[in-house]
Amino acid sequence: MGGLGAPRALLASLAGLLLACGGQETLDDAVLDARPPEQTSLDALAVDPGSRDTAAKDARDADKALPGADTQLLFGGWPWPAKTPAVGLALEVENGVGTPLRVQKGATFFINQIDIRSFVTATRDQGLRNLIAQSDFGGLGWLGVRQVDQESVGAPGPYTRRRYYRDAAWMNLPSHFIVEPVDSRGRLTGLPILLNAGTEHQRRAGLDDFFIRRFRGIQTATGCATPDDCSTSTSFEEEAILELRNAYEHAQRQTLTLRSDTRALRLRWSLRPAAPYEIPVEQVVDGRYTYGFRIGVEALTPPRPDGTYAPGTEISFQLTLRDGAGNRLHPQGYLPPYNQVAPDGTDSGVQYYRAFFDATATYYRRKHRERMLMTQIIGPAQHIQPIRSIVPLEAFLDPAVDEQVIATPERDGVFAQFATLPFANVLFGGAFVDPSLWNLPNTDTWQFKLPDNAQPGTYLVTVKGRRAWLGEDLPATTTLEIQVGTRQRTQPKLTTGPCTSCHSKGGELGTVLHANDNRAACAGCHAPLAFELEGPIFVRTHFIHSRSNRFDAPLHQCSSCHLTKESIQRTSKAACLSCHKSYPDSHVAQFGPIESMYVGGGAESFQQCTGACHTRHPGSGL
């Protein structure tokens, strides 16, 4: 155990002795009632390989024996690691029961994710009262809890309404976890490790062990007559969620190597001293694959002799999903049927979109578990900008359309097209039109067609996905550059940054989210969808940073992220109300009430406000 391991293990032992000193709080009935969301007004802010036969081994070795330079190009310039690093484990607990964990025998691990969820159901709207009274989160201390946001989806109805709660005592109280490897009789089989969960509302450099820390209560009502009226609904779910993800570098140095007699990881939480969680562990030998995740993407359509593609060309691309040692995770030319993958993935770790089974919400609920496999093209690079044209649901269901055009030069100033894998007409068509589509095999090949008036420059082709295999839950993104109409490479003109002042030491953009450190390659996937208007990257960035309570600079100081005055002058409901929670009464009278916590309203939220208004932001620093 290196780095901070030994002293923190000693601290963990001492902490274990102190766990029994914790206390529990109860809440009187008045606090259990829903409270109005907080208001932030615009006015106020003026491996062990196993046996293999020789033929199979030769085939695998040949498949991954790629030339060094070509390999790095294929995998986005990433070299193969010189040695296998410690593997980040994802631990899950639901309603007090640990999700069984299968891990590769002999590997060394650190804790990279802790997801704990507790929920109860009810037939009438009681806020979080039943959760607090009946769940394993009930004794944590809920004083101060209040509703801070609300969002409804499902137009034209019936609607699903979610209310989000924060500021409970347990969310604002620093806490820690102790992870203990134990045998079948509960005896330690190795040194425990201590992990600081911190709090939601404070960032403690060097002390907190996870870059992402999200604690919240959520009430979900289904069958609502209107976005705000759930009086006739009889289906309510109340839940508490703790999400810890992306261990900082110092926490990654706390490692576990499990002995052969280890049968579980005992997870002690300082806020539940009398009731540790137990996560069953099975150690397996799987010689087919290793830990790690890489995505390769190549253009099957050759360019012209000068290395460029002509406008109007349809280009075929193919992805290859591999583990960290280069082993294929699927046969060439083939991706498995959706029903063989979702919701839990394949034996090789391949994942598809799974929000049909585990609802996600930007910032507030388990967005990392959505696990969409997706590709996009956007360009030319020098014209890349946020896309504000809304992609209709019909475009996802049309059986004749596999790849959606989401931006055109005439309308958006840039060209962009994306495709989900499996294609959207299979993915969403199977959910809403014909369930048999989920039984069809899928392809790892797709086509992007350049517009006839494609402007010359560098175009970015990106694939992003997630692999979950033997305890490791890992994102990856790869971007391939192609030249259209010119051999001269062009570059994006980013108007925000740098992000590394906060995203560092384990929270880098190349590690969190989609593991994508090329911000120019975000806009093509992040367009507003008719069923998910908060898609644009500027909406999500504003929303997350305005609510995380750990952004160091004042929120009205736009110069913390924006580099130019011009970059803060594109005003719209979506631009403003993805950060602000209210606007003046005069705006309500003229533009309507706020209907979405993400973008303010509906499709009109992306229209440019008059140029006579909002030409500057008070206190912006620009």
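The structure presented is a predicted model; accordingly, all values stated were derived computationally and were not measured.

A. View of the overall build of the chain. Regarding its fold elements, the chain presents twelve helices and 21 strands. Taken across its 622 residues, the chain has 52% of its residues classed as buried.

B. Geometry of the pattern of salt bridges. Scanning the entire structure with this criterion turns up 34 salt bridges. Between Arg117 and Glu94 there is a salt bridge whose closest N-O contact spans 3.1 Å. With Arg117 in strand S4 (residues 108-122) and Glu94 in strand S1 (residues 87-94), this residue pair connects regions lying 23 residues apart in the sequence. Judged by relative accessible area, which is 8%, Arg117 ranks as buried. Arg268 serves as the salt-bridge partner of Glu180, at 3.1 Å between the closest nitrogen and oxygen. A residue pair is termed long-range when its members are at least 10 positions apart, and Glu180 in strand S7 (residues 175-182) and Arg268 in strand S12 (residues 264-269) qualify at 88 residues. One network of salt bridges, with partners in common, ties together Glu92, Glu94, Arg117, Glu237, Glu239, Arg354, Asp358, Arg365, Arg366 and Arg369.

C. Spotlight on the sheet that holds strand S20 (residues 457-469). The strand order S17-S18-S16-S20-S21 describes an open sheet built from five strands, whose pairing is antiparallel. Edge strands, defined here as strands with exactly one partner in the open sheet, are strand S17 (404-407) and strand S21 (472-484). Going from strand to strand, the sheet's axes swing by 20 degrees on average, the running direction of each strand aside. Here strand S16 (residues 374-379) runs beside strand S18 (residues 415-420); their pairing, made up of six bridges, is antiparallel. Bridging across to S18, Ile378 finds its partner in Ala416.

D. Here's a closer look at the state of the cysteines. Here the structure, examined in full by the defined rule, presents one disulfide. Through a disulfide, Cys224 is tied to Cys230; the S-S separation comes to 2.0 Å. Around the S-S axis, the bridge from Cys224 to Cys230 shows a dihedral of about 100 degrees and counts as right-handed. A relative accessible area of 1% places Cys224 in the buried class. The cysteine Cys502 is free of any disulfide, with Cys561 supplying the nearest cysteine sulfur at 7.9 Å.

E. Inspection of the packing of aromatic side chains at higher detail. Throughout the structure, instances matching the rule amount to 33 aromatic pairs. A centroid spacing of 4.3 Å and a plane angle of 10 degrees characterise the contact between Tyr164 and Tyr364, whose relative ring orientation is stacked. With Tyr164 in strand S6 (residues 159-166) and Tyr364 in the loop between strand S15 (314-322) and S16, this residue pair connects regions lying 200 residues apart in the sequence. In this structure, Tyr164 and Tyr364 share a single accessibility class: buried. Pairwise contacts between aromatic rings join Tyr338, Tyr352, Tyr353, Phe356, Phe357, Phe396, Phe418, Phe428, Phe432, Trp438 and Phe531 into one cluster. Geometry around Tyr363 places Arg216 over its ring, the cationic atom sitting 4.8 Å from the centre.

F. Region of the structure containing the sheet that holds strand S13 (residues 277-284). Spatial strand order, S3-S13-S12-S7-S8: five strands in an open sheet with mixed pairing. In this open sheet, the two strands that pair with only one neighbour each are strand S3 (101-104) and strand S8 (193-198). Neighbour-to-neighbour, the strand axes of this sheet turn through a mean angle of 30 degrees, independent of strand direction. Taken together, the four bridges between S3 and S13 define a ladder with parallel strand orientation. Of the residues in S13, the one forming a bridge with Arg102 is Glu282.

G. Main features of the pairing of S12. The buried count for S12 comes to five of six residues, which makes it a mostly enclosed element. When S7 meets S12, the two strands line up antiparallel, connected through six bridges. Residue pairing across strands places Glu180 opposite Arg266, the latter belonging to S12. With four bridges connecting them, S12 and S13 associate as antiparallel partners. Bridge pairing in S13 links Arg266 to Glu278.

H. The arrangement of the nonpolar core in detail. Ranked by internal contacts, the top residues of the largest apolar core, which has 108 residues, are Ile111, Ile114, Trp142, Trp170, Leu267 and Ile482. Among the elements that make up this core, the one with the highest residue count is S4 (six residues). Two domains each donate at least three residues to this core, and these are domain 1 (87-284) and domain 2 (293-533). Non-local contacts of Ile114, meaning those with residues more than four positions away in its chain, are made with Leu91, Phe177, Leu195, Phe210, Leu242, Glu243, Leu244 and Leu267. Core analysis: the next-biggest nonpolar cluster, separate from the first, contains 17 residues, Ile218, Leu533, Phe543 and Ala575 among them.

I. Focus on the environment of Ser560. The topology assignment puts Ser560 in the loop between helix H10 (537-547) and helix H11 (573-577). Expressed as a C-alpha distance, the spacing of Ser560 and Ser620, which sit 60 residues apart in the sequence, is 8.5 Å. In this structure Ser560 touches Gly497, Phe551 and Ala553, once residues within four positions along its chain are discounted.

J. Representation of empty space enclosed by the protein. Computed from the structure, the largest cavity encloses a volume of approximately 80 Å³. Along the walls of the largest cavity sit Met374, Thr462, Val463, Lys464, Thr477, His514, Asn516, Ala521, Cys522, Cys525 and His526, which together make up its complete lining. No other element matches S20, which puts three residues into the lining of the largest cavity. Of the residues belonging to the lining of the largest cavity, the class tally is five nonpolar, five polar and one charged.

K. Region of interest: helix H9 (residues 424-432). In terms of burial, H9 is largely enclosed, as seven of its nine residues are buried. Taken residue by residue, H9 has Ala424, Asn425, Val426, Leu427, Phe428, Gly429 and Gly430 as its buried positions. In this structure, the buried residues of H9 make contact with helix H7 (394-397), S17 and S18.

L. Geometry of unusual backbone geometry. Residue Pro343 follows Ala342 across a cis peptide bond; omega there is 0 degrees. Relative to the helices and strands, Pro343 resides in the loop between S15 and S16. Across the junction of Leu421 and Pro422, the peptide omega takes the value 0 degrees, indicating a cis bond. As for its placement among the helices and strands, Pro422 is situated in the loop between S18 and H9. In this model, Asn95 sits at a positive phi of 50 degrees, which is unusual for a non-glycine residue. Relative to the helices and strands, Asn95 is located in the loop between S1 and strand S2 (97-98). Taking relative accessible area as the criterion, Asn95 reaches 33% and is therefore assigned partly exposed. Unlike most non-glycine residues, Leu513 shows phi in positive territory, near 55 degrees. Mapped onto the elements, Leu513 comes out in the loop between S21 and H10.

The rules behind the values
Residues numbered from 1 in each chain as written. Predicted model: local features only at pLDDT ≥ 70, side-chain atom pairs only at ≥ 80, totals over all residues. Heavy atoms only, no water. Helix = DSSP H or I, 4+ residues; strand = E, 2+ residues; numbered from the N terminus. Buried < 20%, exposed > 50% of the residue type's maximum accessible area, 1.4 Å probe, protein only. Salt bridge = Lys/Arg side-chain N within 4 Å of Asp/Glu carboxyl O. Pairing = 2+ DSSP bridges. Axes fitted to C-alpha atoms, helices over the stretch in contact; angles between N-to-C directions. Disulfide = S-S within 2.5 Å. Phe/Tyr/Trp six-rings, centres within 6.5 Å; stacked < 30°, edge-to-face > 60°. Lys NZ or Arg CZ within 6 Å of the ring centre and 35° of its normal. Core = buried A, V, L, I, M, F, W, Y, C linked by side-chain atoms within 4.5 Å. Domains from an automatic or database assignment. Contact = heavy atoms within 4.5 Å. 1 Å grid on protein atoms, 1.4 Å probe; cavity = no way out; pocket = protein on both sides within 12 Å on 5 of 7 lines; lining within 4 Å. Points joined across faces, edges and corners; volume = space filled by probe spheres on them. Nonpolar A, V, L, I, M, F, W, Y, C, P; charged D, E, K, R; others polar.

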